[in-house]
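# Chains, contacts and geometry: an overview
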Amino acid sequence: MFIVLGYLVIILAAVLQAYCEFGRQARADIQPKILRSSFRFVMEGLWILLMLLGAVMLLFPGSPTNAILAGIGIVAFWLVLPF
């Protein structure tokens, strides 16, 4: 149960991170308006917290297999999901 929820939270964090990254790199005329406000820092902090929460949910039962799954989830977050 925690494995599925953990991966869903990591996927949500990846989507939010990609949105924030687009907003940082976009020209000012096409940048999302929500990222021009101070709410941008809340969104950037939120994706970090979601990634950590997803990793903790993957590690929750405490077996060595879950540690491997948490590592795979974090690597997928950084390398695969932004594409």
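Above this text you will find the structure in question.
Residues numbered from 1 in each chain as written. Predicted model: local features only at pLDDT ≥ 70, side-chain atom pairs only at ≥ 80, totals over all residues. Heavy atoms only, no water.

On to the environment of Ile68, then. For Ile68, the location among the structural elements is in helix H3 (residues 64–80). Accessibility expressed as a relative area gives 56% for Ile68, which makes it exposed. Linking Ile68 and Leu58, residues 10 residues apart in sequence, is a C-alpha distance of 9.1 Å. (Helix = DSSP H or I, 4+ residues; strand = E, 2+ residues; numbered from the N terminus. Buried < 20%, exposed > 50% of the residue type's maximum accessible area, 1.4 Å probe, protein only.)

Bringing the environment of Arg24 into the picture now. Along the chain, Arg24 falls in helix H1 (residues 2–25). When the C-alpha positions of Arg24 and Arg40 are compared, they lie 9.5 Å apart, and in sequence the two are 16 residues distant. If near-sequence neighbours (up to four positions away) are discounted, Arg24 is found in contact with Gln31 and Glu44. (Contact = heavy atoms within 4.5 Å.)

Mapped onto the secondary structure, Glu44 falls in helix H2 (residues 39–59). Residue classification places Glu44 among the buried positions, given a relative accessible area of 15%. Among all residues touching Glu44, those that are not within four sequence positions of it are Cys20 and Arg24.

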